[in-house]
Amino acid sequence: MTCRSFFLRALALGLATFPTVASAQAPATDPDATPAVEETIQVTATRVPEDVESVPVSITVISGDELRARGATDLASALSNIAGVTVAPGGDVGPAGSVPEMWGLREFDAFLLVVDGVPWGGAFNPALTTLDLTDVERIEVLRGSAPVMYGATSFVGVIHVLHRQAGAEGTNVRVSGGNYSSGSASVSLALPSSGSFRQSLLASGERQGFKDDRTGYDRGHVLYRAATGGFHLDLDGSIVKQDPASPHPRQGRVLSSLVPLDANYNPRDAHIDEDRFQLALGYDKTLARGAWSTTLALTHSKRDTLRGFLSDLSNSDPNAIGFEQELETNDAYFDTHVTMPLSSNARVIAGLDHLFGRAEAESESFEYFAPLNGRTVPSDSTIDPETHFDMEDERNFSGVYLQTEWDPHPRWHFMAGARLNYTSEDREAGEEPLNGEEPEGEEEEEGSDKRTVTRGSGMVGVSWLAWQQDANGVWIFADYRNTYKPAALDFGPEAEPEILEPETANSYEIGLKGRHGRFNWELTGFQMDFENLVVAQEIGGLPALVNAGNERFRGTELELDYRILDDLTARGSYSRHDAIFKDYVQDFDGVPTQLDGNRLELSPKELAGAELVWSPDHGLVGFASWNHTGERFLNKRNTALAPAYDLWSAGLGYRFGTWELRVDGFNLTDERDPVAESELGDAQYYRQPARSYRLTWAARF
C-alpha cells in the first residue's frame, strides 16, 4: 500500500466514524460487563490523558518518585530499565548530552524529545544538553513513531518529560557533591497564589566533572510556571558551558592502543557553550461537548563551539582537524486541537500544528598538531583558520491531523489516525573567503537547495481485553504506522547546500500487556522497514551526511514490573534486536561494497536490565541495578566486533521524615566500552564514562 492510499483510507475511516458512532442508538456498553482495566495515565500517544494499557502502542511511564528513588538525574540513568531503550551518555553534542537508541536505531535525531508538550529542539535536533530532570512529575516513552500527533519530527519514538504543574504544593531542595569536583544544587517551590492564579519556580545549577582530561560541564536552569483559569505560561532559560571530550579512534578491528584512555585532543580552550530561552503560552477550554487546547512556544538558542578531532594516528604535524562555529537558531511551535465525544464510547481528536525553524551558522576549520599522549595541545589563539563556511537553513513543518478512538465493546479499543504533512526547507551554504577577502583567482563557492514535500502519514491500531478478573487483565494489541522525516542536519564544520532525501518508514507491532495484582508486564514484537537513513560519512576529508538506502529493524521486547512489598519493587527488561542494511552500497577505499545483511554499527542484538528499589517513607532506602549490552559491530562492514559489557549501579540512604541523605554510585565496575560513534570524527567512538559517586541531601517541605 502506498503512503497516499494509506492516508486516504485512514482519513476515510476516521470520517466514517462520525456518522456511525453518532447515530448509534444502542447503549455504548453492556451494563453487566466489567469495566476495562485502568492503570497508569499517559498523554503522549493521544494528547489527552488515557490509560496506558488500552492504547495499542508500546508506552512506558516512569514517575518522578521512581527517578528520585534511584537517584536518577540524567536521561541515561532515568531510562536504564525500559525495554529496547538504551542511552549513551555524551556524544558529539558534548558531555552534558546523550545519544538514545530505540528499536535498534541510534541516530541523534531519529526520536522526538518533548518537554511539557513542546518539541525540545524545534525543527532541528533534540536539545538534550539543556534537559533538566529536576522536579519532574513523570517521563513517558513511546516506542515507534508518532505519525499522527507529532508527524515529521518523531520517527522511532517519543521521550516526553513532564514537570510538576504550576503552583504544585511543596518545596523541594537538593544539594549534592561527587568525585571529579562535581556538585549541584536545586530548589523548586510554589510561589504565592491568588484565587485561580497559581505559580511556581524551579532553579538548578550543577557542575559535572569526568575522569577524561579537561572534560566537564556547568549548567544552570530556571523554569517559571504560571496558570490561571485556562491560561498557562512557561518561561524557561538554560545556560550550558561544556568542555568536550575526545572520541577514541579505531585502528582496523579494535580501538587504537596508541591513544591513552582518557586523553583529550581538543584545543586547550575547546568549548560547547549554549544559551537557550523559551516562552510557552497555552490555553485550555472546556467546550459544551469536548475540550479545546492551544499551545504556542517561541525559542531562541545561541551556541558557540570550538573543538577538534584526530585525523590520523601519527605524531606528525598536522594530525588533527578542528573547527570553530557560531550557531543561532530560532524556533516557533504552534498546535491547536479539539477533543470531541461522538458518543459515550467514541471520540475524535482533530487539530493542526506548525513548526518553524531558522538556523544561521558560521564556521572556520583548521588543522593543528596534538601529541598522541594528549598533552600540550595548542589553544585556538595559536591556530590560523584555513577555510570559512556559512549556512542559513529555514524549515517549515505543518500538519493537519485527525484521530478517532472507538470502543464498540468494553473489551475492544480501536484507534485510527491520519495526518497531511507539508514540509519545506530552504538552504544556502558554502565556502567563503577568510576575513571577507577573496584570494586572487578563486571564486566564492556558494550553493543553495530547496525541498518541499506534501505527504500523508498515519496509523491504525486495535486492543482487545482478552482476559479480566477484577482489576487484573491481559490486553492484546497490534498497530501499523507509516511516517517520514526530513533529513537530519548535524551542524558540523562543513556547510553542504544539498538537502538529502527524507527518511521514510513503515512499521508493524504486535504485543501483550498484562496486570495481575502487583505484577505488570508487556511483551511486544515489531518490524520497521526504513528508506534513506541518514548516516555519517567522510567526504573530502570532512564529515558529511548521506542517505543510506534501505534498512530493516526487527525485534522483541519484554518489560516486567513486580511490587514485592508496598515499598519494594523489582523491575526487569529484555530486548533482542536485529537492525540490518537491506540495500546500501558504500565506497570503501575506492571499492563499492554492498552492505546487504550487515548489522548497523553499535546496534546490539541483546539488551537486558534488572533493578531492585527499596523506598519507604522513613528509614533505610536504596536501589541496585544491572544493565547488559550485547555484542555490537563498530563499523558497517561488520569486521570490528565490540564485546558485550555490564553496568552496575547502586545507592543507599536514610530518610529522616522530610529530608533524606544518600550516596549513589554509577558504573561501579568502571566499564569503559565504546557506546556512541562520532558523526564528526571518522571511525571514532565515545566511551562509557568512568565510575562516579554522588552524596546527596534532599528535603521536601
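In this text the structure is predicted, and so the values were computed from the model without any measurement.

Once that is clear, we can look at the overall build of the protein. Looking only at helices and strands, the protein features three helices and 41 strands. Rg of the C-alpha trace for the protein: 25 Å, near the compact-globule value of 27 Å for 701 residues, within the 12% margin. Judged by the C-alpha coordinates and their principal axes, the protein covers about 85 × 60 × 50 Å. Expressed as a percentage of its 701 residues, the buried residues of the protein come to 57%. Intrachain contacts of the protein at a sequence separation of at least 6 include 67% that bridge at least 24 residues. Measuring between centres, the 59 positive side-chain charges of the protein sit 8 Å from its 107 negative side-chain charges.

Once that is clear, we can look at empty space enclosed by the protein. All told, the structure shown has eight cavities of 30 Å³ or more when counted by the stated rule. Looking at the largest cavity, its volume works out to about 140 Å³. If you list the elements that add at least two residues to the lining of the largest cavity, you get strand E6 (112-115) and strand E21 (387-409). The residue inventory of the lining of the largest cavity, partitioned by class, reads twelve nonpolar, four polar and three charged.

Looking now at the sheet that holds strand E16 (residues 254-255). Spatially, E16-E15-E40-E39 is the arrangement adopted by the four strands of the open sheet, whose pairing is antiparallel. This sheet does not close on itself; its edge strands, each paired only once, are E16 and strand E39 (674-677). Bridge analysis of E39 against strand E40 (residues 684-687) gives three bridges, and the strand direction is antiparallel. Residue pairing in the sheet places Ala 676 in a bridge with Tyr 686 of E40.

What follows is about the side chain of Ser 678. Counting through the fold element by element, Ser 678 comes out in the loop between E39 and E40. In terms of polar contacts, Ser 678 uses its side chain to reach the backbone amide nitrogen of Leu 680, at 3.0 Å. Those residues in contact with Ser 678, other than ones at most four positions away along the chain, are Asp 92, Pro 247, Phe 309, Gln 684 and Tyr 686.

Moving on, we get to the packing of aromatic side chains. Here the structure, examined in full by the defined rule, presents 17 aromatic pairs. Relative to Phe 656, the ring of Tyr 654 has its centre 4.6 Å away and its plane inclined at 50°; by these criteria the two rings are tilted. Its relative accessible area of 39% is what places Phe 656 among the partly exposed residues. When the ring centre of Trp 120 is taken as origin, the NZ or CZ atom of Arg 276, which lies over that ring, is 3.9 Å away.

As paired elements, E21 and strand E22 (residues 412-432) share 20 bridges and run antiparallel to each other. Each residue of the ladder has a partner; that of Glu 392, found in E22, is Glu 428. The turn joining E21 and E22, which pair antiparallel and follow one another in sequence, is formed by two residues.

Attention now goes to the environment of Ala 683. Tracing the backbone shows Ala 683 in the loop between E39 and E40. Taking relative accessible area as the criterion, Ala 683 reaches 18% and is therefore assigned buried. In this structure the C-alpha to C-alpha distance between Ala 683 and Val 48, which are 635 residues apart in sequence, comes to 44 Å. Ala 683 has contacts with His 248, Pro 249 and Arg 250, leaving out every residue within four places of it along the chain.

In this section: the environment of Trp 475. Along the polypeptide, Trp 475 turns up in strand E24 (residues 472-485). Considering only alpha carbons, one finds Trp 475 and Glu 522, 47 residues apart in sequence, at a separation of 9.2 Å.

Judged by pairing direction, the sheet is mixed, and its five strands sit side by side in the order E3-E8-E9-E6-E7 without closing on themselves. Edge positions in the sheet fall to strand E3 (59-63) and strand E7 (118-119), since each has one partner strand and no second. In this sheet, strand E9 (residues 157-163) lies alongside E6 in parallel orientation, the contact comprising four bridges. Residue pairing in the sheet places Val 115 in a bridge with Val 161 of E9.

Here the focus is unusual backbone geometry. Following Asp 317, the chain continues into Pro 318 via a peptide bond in cis, with omega recorded as 0°. Its location among the elements puts Pro 318 in the loop between strand E18 (291-310) and strand E19 (320-343). Positive phi values are uncommon outside glycine, yet Asp 116 reaches one of about 50°. Relative to the assigned elements, Asp 116 resides in the loop between E6 and E7.

Let us look at the confidence of the model for the protein. On average, residues of the protein score 89 in pLDDT, and 91% of them reach the 70 mark or higher. This stretch, residues 1-37, has a pLDDT under 50; its non-local contacts, to residues over four places away or in other chains, come to 57 contacts.

The next thing to look at is the pattern of salt bridges. In total, this model carries 42 salt bridges according to the counting rule given. One salt bridge connects Glu 394 with Arg 358, and the closest N-O pair in it is separated by 2.9 Å. With a gap of 36 residues between them, Glu 394 in strand E21 and Arg 358 in strand E20 (residues 346-368) connect regions that are remote in the sequence. Judged by its relative accessible area of 28%, Glu 394 falls in the partly exposed class. Overall, Arg 358 belongs to the partly exposed group, its relative accessible area being 27%. By sharing partners, the salt bridges in this structure join Glu 66, Arg 70, Asp 561, Arg 571 and Glu 611 into a single network.

Calculation criteria
- As a convention, each chain's residues are numbered from 1 in the sequence order in which they are written.
- Local features are withheld for residues below a pLDDT of 70 in this predicted model, meaning they are given only at 70 or higher, and side-chain atom pairs are given and counted only at 80 or more; totals for whole chains, interfaces and linings count all residues.
- Note that the side-chain values use all heavy atoms of the structure and ignore hydrogens as well as water.
- To qualify as a helix, a DSSP run of H or I must reach at least 4 residues; to qualify as a strand, a run of E must reach at least 2; elements of each kind are numbered from the N terminus.
- With C-alpha atoms as the basis for the radius of gyration, the globule rule is written as 2.2 Å multiplied by the number of residues raised to the power 0.38.
- When a residue's accessible area, from a 1.4 Å probe over protein chains only, is under 20% of the maximum for its type it is buried; when over 50% it is exposed; and in between it is partly exposed.
- Whether two residues are in contact is decided by their heavy atoms: any pair within 4.5 Å suffices.
- A positive count includes Lys and Arg, and a negative count includes Asp and Glu. His and the chain ends are not counted in either.
- Every charge is mapped onto a representative atom, which is NZ of Lys, CZ of Arg, CG of Asp or CD of Glu.
- A 1.4 Å probe that fits but cannot get out identifies a cavity on a 1 Å grid over protein atoms alone, an open set with protein on both sides within 12 Å along at least five of seven lines counts as a pocket, and a residue lines either if it has an atom within 4 Å of a point.
- Grid points are joined across faces, edges and corners, and a volume is the space filled by probe spheres set on the points.
- Charged means Asp, Glu, Lys or Arg here, nonpolar means Ala, Val, Leu, Ile, Met, Phe, Trp, Tyr, Cys or Pro, and polar covers whatever is left, Gly included.
- Two strands pair if DSSP finds at least two bridges between them.
- Here a polar contact is recorded for every N or O atom pair within 3.5 Å, except that within protein the pair must consist of a potential hydrogen donor and a potential acceptor, and residues adjacent in sequence are included only if both atoms are side-chain atoms.
- Under the pairing criterion, centres of Phe, Tyr and Trp rings, with the six-membered ring standing for Trp, must be within 6.5 Å; the plane angle then separates stacked pairs below 30 degrees from edge-to-face pairs above 60, leaving the rest tilted.
- A positively charged side chain is recorded as over a ring if its NZ (Lys) or CZ (Arg) lies within 6 Å of the ring centre. The angle to the ring normal must also be within 35 degrees.
- For every residue, the predictor assigns a confidence score, pLDDT, that lies between 0 and 100.
- Salt bridge criterion: a side-chain nitrogen from Lys or Arg within 4 Å of a carboxyl oxygen from Asp or Glu.

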